[in-house]
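Each chain, letter by letter, is given below.
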Amino acid sequence: MASGLTRFGNDLYTGERSVPFIRLRRIWLSIAAVLMLLALAVPFVRGAGDFAAGFNFGIEFRGGSQFQVSDAAIPDGEDQPDSTLAEEAVRSVVPDAVARVSIVGDSGVRVQTDQLTNTETQEVALALEEAYDSSEVTSSFIGPTWGADITRQALIGLAVFLVLAMVMMAIYFRTWKMSLAAILSLLHDLIITVGVYALSGFEITPAAVIGFLTILGFSLYDTVVVFDKIRENTSEMSDDSTRTFGETVNLAVNQTLVRSINTGVVAALPVAAILFIGSFVLGADTLRDISLALLVGTIIGTYSTPFVASPLYVWFRENEPMIARRDKRVLELRARSAADRKHVRDPAGQRGG
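Below, the structure is looked at part by part. (Residues numbered from 1 in each chain as written. Predicted model: local features only at pLDDT ≥ 70, side-chain atom pairs only at ≥ 80, totals over all residues. Heavy atoms only, no water.)

### Side note on the pairing of strand β2 (residues 64-69)
- Of all six residues in β2, five are buried; the element is thus mostly enclosed.
- Here β2 runs beside strand β5 (residues 137-142); their pairing, made up of six bridges, is antiparallel. Following the sheet pairing, G64 is matched in β5 by I142.
- Looking at chain direction, β2 and strand β4 (residues 108-113) are connected through five bridges and run antiparallel. Bridge pairing links S65 to T113 in β4. (Buried < 20%, exposed > 50% of the residue type's maximum accessible area, 1.4 Å probe, protein only. Helix = DSSP H or I, 4+ residues; strand = E, 2+ residues; numbered from the N terminus. Pairing = 2+ DSSP bridges.)

Below you can see the structure in the form of structure tokens.
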């Protein structure tokens with residue numbers, strides 16, 4: 001098994017085997033475009049036409065009151081507290097309030113509502129104490145302006161990151177087209193990850209925002225490694241080259257494919273474990289929020305470099321005069337060589353014609 005994988009990797013590196021990332025680029029880019037459109041459509045559908053309403057924003061963004069119940073009573077035969085008790089406790093004080101209840105750990109209950117008055121907050125806390133037979137109920141209030149500040153800072157951080165990354169890559173690779181392809185691939189990763197959050201209904205919290213920014217770094221790292229190999233291969237092209245520009249890029253992507261897969265798997269496995277433990281074992285919402293973003297981003301980032309970023313780079317450069325002229329010469333020589341081989345195999349047929 002190991003020797004077979006090693007041989008497969010060696011064949012990819014030498015070009016004996018090849019995944020057609022560039023030859024089928026129209027298919028890969030069309031699939032990427034469809035995925036992005038679906039990711040953008042999900043919030044509109046869930047929000048009934050309101051894009052922002054399609055996301056489940058955490059209390060840090062929407063503002064409101066939050067109650068934390070510790071050591072809540074657990075009904076006989078159950079392994080966790082009854083969440084309906086919290087909903088009934090809130091409605092007994094504020095009949096029209098919408099309570100978001102989640103179980104934290106083995107015996108903790110977290111209740112979030114819209115903004116309540118001081119009197120309502122005290123009464124809800126007392127109702128929760130009675131409902132769960134617990135004297136440990138804490139309450140807090142988060143204003144919507146704090147969430148607005150977080151959103152603004154996150155967008156500023158994203159914009160600064162993208163600008164600096166684009167400038168640095170343009171300087172390092174000495175072409176803005178490679179930089180642009182990488183940034184478009186990053187946006188593709190971010191849009192699909194956000195779409196998964198909208199589809200799954202997971203809360204978008206500050207931890208999730210940190211996860212979004214982190215996956216951009218991972219995706220960019222993988223793209224830079226692959227693009228560095230592309231630059232190395234294409235810089236060695238000359239008038240005597242036997243491969244077109246697209247074929248040379250495809251070889252570079254295949255040469256780094258095993259490394260990209262290994263990096264993605266090694267990064268995804270512990271993140272998946274954290275997601276499982278955070279969601280189902282510890283009930284730690286912060287771990288769940290950040291790990292989902294990291295897991296989806298790692299998978300999408302690993303896929304986007306060969307299927308999105310590299311085909312985009314070829315698309316941006318294949319019509320440059322020097323590259324187009326060299327590719328035309330390579331294809332003409334290849335066609336002439338094929339015709340000569342056919343003539344050698346069937347000389348009688350050629351004379352009869």
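### A closer look at helix α4 (residues 83-93)
- Along α4, the residues that are buried comprise A86, A89 and V90. Projected down its long axis, α4 carries its buried residues within an arc of 95 degrees, all on one side.
- Buried residues in α4 make contact with β3 (100-104), β4 and α5 (118-132). (Arc of directions from axis to C-beta. Contact = heavy atoms within 4.5 Å.)

### Describing the sheet that holds β3
- Pairing within the open sheet is antiparallel, and its four strands lie in the order β3-β4-β2-β5. Whereas interior strands pair on both sides, the edge strands pair on one side only; in this sheet they are β3 and β5. Here the strands of the sheet are splayed against their neighbours by 20 degrees on average, with no regard to which way each runs.
- Strand direction decides the pairing type here: β3 and β4, joined by five bridges, are antiparallel. Opposite V101, over in β4, you have V111 as the bridge partner. (Axes fitted to C-alpha atoms, helices over the stretch in contact; angles between N-to-C directions.)

### Re helix α2 (residues 25-46)
- If you check α2, its first and last C-alpha atoms are 32 Å apart, about what 22 residues at 1.5 Å a residue would give, namely 32 Å.
- What α2 keeps buried is the set R25, W28, L29, A32, A39, V42 and P43.
- Within two residues after α2, A48 carries a phi angle of roughly 55 degrees, on the positive side. (Expected span 1.5 Å × (residues − 1).)

### Observations concerning the packing of α2 against helix α7 (residues 176-200)
- Viewed as axis vectors pointing N to C, α2 and α7 meet at an angle of 35 degrees, and their least axial separation amounts to 8 Å. As α2 packs across α7, the resulting crossing turns out to be left-handed. Where α2 approaches α7, its residues A32, L35, M36, A39, L40, V42, P43 and R46 are matched on the opposing element by H188, I191, I192, G195, A198 and L199.
- Taken together, the residues that form the contact of α2 with α7 break down as 11 nonpolar, two polar and one charged. (Left-handed = near helix turned anticlockwise from the far one by under 90°. Nonpolar A, V, L, I, M, F, W, Y, C, P; charged D, E, K, R; others polar.)

### Details of the pattern of salt bridges
- According to the stated counting rule, one finds eight salt bridges in the structure shown.
- Residue E247 is joined to R334 by a salt bridge in which the shortest nitrogen-to-oxygen separation is 2.8 Å. Here E247 is found in helix α9 (residues 245-255), whereas its partner R334 is found in helix α12 (residues 321-345), with 87 residues between them in sequence.
- In this structure E247 comes out as partly exposed when scored by relative accessible area, which is 30%.
- By sharing partners, the salt bridges in this structure join K177, R317 and E320 into a single network. (Salt bridge = Lys/Arg side-chain N within 4 Å of Asp/Glu carboxyl O.)

### Quick look at unusual backbone geometry
- Here the phi dihedral of R174 falls at roughly 65 degrees; this positive angle occurs in a residue that is not glycine.
- Residue placement: R174 occurs in the loop between α6 (144-173) and α7.

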